[in-house]
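Fold and geometry: a report
Residues per chain are reported as follows:
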Amino acid sequence: QQPVQSPQAVILREGEDAVINCSSSKALYSVHWYRQKHGEAPVFLMILLKGGEQKGHEKISASFNEKKQQSSLYLTASQLSYSGTYFCGTDSSGNTPLVFGKGTRLSVIA
Amino acid sequence: EAGVAQSPRYKIIEKRQSVAFWCNPISGHATLYWYQQILGQGPKLLIQFQNNGVVDDSQLPKDRFSAERLKGVDSTLKIQPAKLEDSAVYLCASSLVLANEQFFGPGTRLTVL
């Protein structure tokens, strides 16, 4: 089942923070986050495994709440380069294919 | 390290014609994925290979789509005959092992007229 991402779109000014959520109706084993810039291929950001581990990548971090079957991506002090569409992909068992959400379009303006 | 290679980058065909896409994954990556991405949506898995065996093809429209990965390296995805709704970007990705970080190729943008 496809995870639900929110918000669908967000506009930020440089330096502002944002949170993108990814929710599933199924129990999750892992959540993967990717960023895709317009006309380009998705690029891997991070994987979060069952266990609630929080990870970081530059000023982008994420958490995974098993009980809520939800992951959140945190972007702090946003930069123009953060613009793009962010996708979460969920895996329910560790060896099932990823199911991607519809994406959250993030626009960072000067 | 070379990335995932795909060709062609763009293809325009008439409906009912056939088309083939090629993908060469990163050297040493056992897992290869083909995704379909329709404008404004997330990638949808069509087929997943582990070496030259199919792991999952549950969402592949098998009446018109086929894929193979000979010798566990490069792969070809074919559509025959194409329909208007097949217009999309076809992404190939590879990973070292199953459930690991995926590296995507630049994609093939298919337009069916």
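Residues numbered from 1 in each chain as written. Chains lettered and ligands numbered in written order. Predicted model: local features only at pLDDT ≥ 70, side-chain atom pairs only at ≥ 80, totals over all residues. Heavy atoms only, no water.

1. Structural notes on the overall build of chain A
Within chain A, the regular secondary structure consists of zero helices and 11 strands. Helices (α) and strands (β) of chain A occur, in sequence order from the N terminus, as β-β-β-β-β-β-β-β-β-β-β. What you see for chain A is a C-alpha radius of gyration of 13 Å, in line with the 13 Å of a compact globule of 110 residues. Each principal axis of the C-alpha atoms in chain A carries an extent, and together these give about 40 × 25 × 20 Å. The long-range fraction of contacts in chain A, counting pairs at least 24 apart against all pairs at least 6 apart in sequence, stands at 55%. Summed over all atoms, the accessible surface of chain A reaches about 5,500 Å², with 48% contributed by carbon and sulfur. Charged side chains in chain A number 11 positive and 8 negative. The centres of these two groups are separated by 6 Å. (Helix = DSSP H or I, 4+ residues; strand = E, 2+ residues; numbered from the N terminus. Rg over C-alpha atoms; globule rule 2.2 N^0.38 Å. Contact = heavy atoms within 4.5 Å. Areas by Shrake-Rupley, 256 points an atom, 1.4 Å probe, with all protein chains shown as cover. Lys, Arg positive; Asp, Glu negative; His and termini not counted. Charge placed at Lys NZ, Arg CZ, Asp CG, Glu CD.)

2. Some remarks on the overall build of chain B
Secondary structure summary: chain B contains zero helices and 11 strands in total. Counting from the amino terminus, chain B carries its helices and strands in the arrangement β-β-β-β-β-β-β-β-β-β-β. Against the compact-globule benchmark of 13 Å for 113 residues, chain B has a radius of gyration of 13 Å, which places it among compact chains. Partitioning the contacts of chain B with sequence separation of at least 6, the portion at a separation of at least 24 is 54%. Carbon and sulfur atoms make up 50% of the accessible area of chain B, which totals about 5,600 Å². Taking the 12 positively charged and 10 negatively charged side chains of chain B as two groups, their mean positions are separated by 6 Å.

3. Digging into the pairing of strand β7 (residues 60-65) of chain A
Every regular strand shows the same layout, with side chains that alternate between the two sheet faces. The pairing of β7(A) with strand β8 (residues 70-75) of chain A spans six bridges and is antiparallel. Counterpart to N65(A) in the pairing with β8(A) is Q70(A). (Pairing = 2+ DSSP bridges.)

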